[in-house]
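Listed below, chain by chain, are the residues.
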Amino acid sequence: MLQTSPLGLRASLLAVFGLLVAVAVGAAVALVAVTSAMSHQTAEMGVADGRMRSSLRTKAALLWFTRESDESASDPTPETIAAQATAKAELLADVQETRRLATPSRTVQLDSLVQRTHDYVALREQLQRQGLPVAEILRRGRPALGGVFTDLQHLVDADDAWARSVEASARSLDRTADAVAVAAAALLLAGFAATFVATERLLQRPVLALDEAMTRFGRGETTVRARLGGAREVREIATTFNDVADRLARQEQERMELLAGIAHDLRNPLTPMKMALLRFERGGEASAEAVDRLVTVFGKQVARLDAMIGDLLDAARAESGHLELQPRDVDLHSVVDDVVALYGPTSPKHRIEVHAPEGPLVVHADPLRIEQVLGNLVSNAIKYSPSGGLVALRLAKSDGQVGVEVCDEGIGVPEEERESIFEPFHRSGRSRQVAAGVGLGLSVSRKIAQAHGGALELLRIERGTTFRLTLPAAG
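This write-up is about the structure you can find in this document. Nothing here was measured: the structure is a model prediction, and the numbers come from that model.

To continue, consider the overall build of the protein chain. When helices and strands are tallied, the protein chain shows ten helices and seven strands. Contacts spanning at least 24 positions in sequence make up 71% of the contacts within the protein chain whose residues lie at least 6 apart. In the form shown here, the protein chain has an accessible surface area of approximately 27300 Å², with 58% of it arising from carbon and sulfur atoms.

In structure tokens, the structure reads:
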């Protein structure tokens, strides 16, 4: 069954932010579209209102012209004649304005209005020139006047219907805009709510849980562990905390085992010393031979105790960064020869071989400390290959580095302990079964190598072990 990995904090925030941006942009686009449509409808309503006003002005101008014409026909004075001329000019101007506002679909109707208006004006002027009475003029001009009024009324009705349609469309768009605004607000609120929930689930709860676990761990509850949850980064922090807590727990267990091991190893030299002293006391008078045996036993066990205490002191100095060095130019050939001469006779079952190139291999180092490292490696090679075999030391120089490899055919090191064997007080399960010790040699040796600007690493683990000490070449 496939398991989906948790989203990272950045990806989660980007997803939520992208959702909010998409909602905001969509709402903005919708509102802009609706607003543009409403603006267009408003402009259409303005046009419709202008047409209606123009038609109504034309109707009023027609009535004014008719009245002024009646007064001029009944009392033709210069004033009434001038008033009729002014009313005529206004009427014709209003008719032309109404014609200017025409749409292509209303061109024929407005052309008819213009024509009928001019015909009516011409008829009234003709009847007035004939000197007919006002009543007769009204009777004869009534059909033409009625035609003009009919055309004007049709225009007003059409404009009114169009205005009502535009108004209804504007109201519909207004409702649509309200709906879009409400939907956008709801979606934004939902997005913010989702952001809050996501933040709480991805950050707040996991971080608070992690903080609680760290606080409890700091108070001494070493078994507490952080729950894995939330964003990937928070999970990684929780995982790191749990790993550190597990490692500290292991180190604490190893330290307790170390204390027990140190106590046991310190007692080991004391036991033969006590036994030798007891035999010496029971022997009555001290013979020279008994004294020599006692001195020999005490000397070996004191040397063993001194070596163990030296390892502990070196480990403490290395961990605190106060490892003392007295470097000088030294040829590694001589250091290796001293180590072989020291450890060669210790085990008849082992054969120690040295493979080195011609010429000096000079490094700037503390020869006693380097001898300590190589001695620890050779001693381990002998100790952890109890059935005997070859212990090989290979020297080489490459790229400004001088390397010494120490190889054995012993029990080897498990893959999972490839690096942990260099930790202070660490001893693998195999090594505990083969030989005693406190597990400080490799840790101190690596610190010594690093203090010289070099390195100590484990190379081969399939069969036996191969450690390589690397140091910078001198000059």
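The next subject is the packing of helix H7 (residues 332-343) against helix H8 (residues 367-383). Contact geometry for H7 and H8: axes closest at 9 Å, N-to-C directions at 45°. With respect to each other, H7 and H8 are oriented oblique. H7 and H8 meet at a crossing whose hand is right-handed. Of the residues in H8, those touching H7 at Leu332, Val335, Val336, Asp338, Val339 and Tyr343 are Pro367, Ile370, Glu371, Leu374, Gly375, Val378, Ser379 and Ile382. Counted by class, the contact of H7 with H8 contains ten nonpolar, two polar and two charged residues.

A few words on the environment of Lys349. Summarising the element assignment, Lys349 is placed in the loop between H7 and strand E2 (350-355). Residues Lys349 and Pro386 lie 37 residues apart in sequence; the distance between their C-alpha atoms is 8.5 Å. Every residue in contact with Lys349, bar those within four places of it in the chain, is listed here: Pro386, Gly388 and Gly389. At 2.6 Å, the side chain of Lys349 forms a polar contact with the backbone oxygen of Pro386.

Looking now at the nonpolar core. One recurring pattern in soluble globular proteins is that nonpolar side chains are buried together. Judged by nonpolar contacts, the single largest core of 35 residues is most densely connected at Leu332, Ile370, Leu374, Leu377, Val406, Phe467 and Leu469. Elements with a contribution of two residues or more to this core: H7, strand E3 (362-365), H8, strand E4 (389-398), strand E5 (401-408), helix H10 (441-451), strand E6 (455-460) and strand E7 (465-472). For this core, the element with the highest residue contribution is H8, accounting for seven residues. Dropping the residues within four chain positions of it, Phe467 is found in contact with Leu377, Val404, Glu405, Val406, Ile421, Phe422, Leu442, Leu456, Glu457 and Leu458. Core analysis: the second largest hydrophobic core is formed by 15 residues, Ala61, Leu113, Leu145 and Leu155 among them.

Close contact between helix H3 (residues 107-129) and helix H4 (residues 134-218) brings their axes to 9 Å; oriented N to C, the two are set at 160°. On the basis of their axis angle, the class for H3 and H4 is roughly antiparallel. Handedness of the H3/H4 crossing: left-handed. Touching Gln109, Leu110, Ser112, Leu113, Arg116, Thr117, Tyr120, Leu123, Arg124, Leu127 and Gln128 of H3 are Ile137, Leu138, Arg140, Gly141, Ala144, Leu145, Gly147, Val148, Asp151, Leu152, His154 and Leu155, all from H4. Residue classes in the contact of H3 with H4 are distributed as twelve nonpolar, seven polar and four charged.

For the rest of this paragraph, the subject is the side chain of Ser69. By the secondary structure assignment, Ser69 is in helix H1 (residues 9-74). Setting aside its immediate chain neighbours within four residues, Ser69 contacts Gln84, Arg124 and Gln128.

Our next topic: the pattern of salt bridges. For side chains bearing opposite charge, pairing can occur when the charged atoms are close. Per the stated rule, a full pass over the model turns up ten salt bridges. Linked through salt bridges whose partners overlap, the residues forming this network are Glu136, Arg139 and Arg140.

If you check the backbone angles, Asp399 has positive phi at about 55° while not being a glycine. Summarising the element assignment, Asp399 is placed in the loop between E4 and E5. A relative accessible area of 76% places Asp399 in the exposed class.

Here we take up H8. Helix length check: H8, at 17 residues, gives a terminal C-alpha distance of 23 Å against a target of 24 Å (1.5 Å per residue), a fit within 8%. Counting buried positions along H8 yields twelve of 17 residues, so the element is predominantly enclosed. By the burial criterion, the buried members of H8 are Pro367, Arg369, Ile370, Val373, Leu374, Gly375, Asn376, Leu377, Val378, Asn380, Ala381 and Ile382. The residue sitting at the N-terminus of H8 and contributing the capping side-chain oxygen is Asp366; that oxygen lies 3.1 Å from the backbone nitrogen of Leu368.

What counts as what
Residues numbered from 1 in each chain as written. Predicted model: local features only at pLDDT ≥ 70, side-chain atom pairs only at ≥ 80, totals over all residues. Heavy atoms only, no water. Helix = DSSP H or I, 4+ residues; strand = E, 2+ residues; numbered from the N terminus. Contact = heavy atoms within 4.5 Å. Areas by Shrake-Rupley, 256 points an atom, 1.4 Å probe, with all protein chains shown as cover. Axes fitted to C-alpha atoms, helices over the stretch in contact; angles between N-to-C directions. Parallel < 35°, antiparallel > 145°, perpendicular 65-115°, else oblique. Left-handed = near helix turned anticlockwise from the far one by under 90°. Nonpolar A, V, L, I, M, F, W, Y, C, P; charged D, E, K, R; others polar. Polar contact = N/O pair within 3.5 Å; in protein donor to acceptor, adjacent residues only side chain to side chain. Core = buried A, V, L, I, M, F, W, Y, C linked by side-chain atoms within 4.5 Å. Buried < 20%, exposed > 50% of the residue type's maximum accessible area, 1.4 Å probe, protein only. Salt bridge = Lys/Arg side-chain N within 4 Å of Asp/Glu carboxyl O. Expected span 1.5 Å × (residues − 1).

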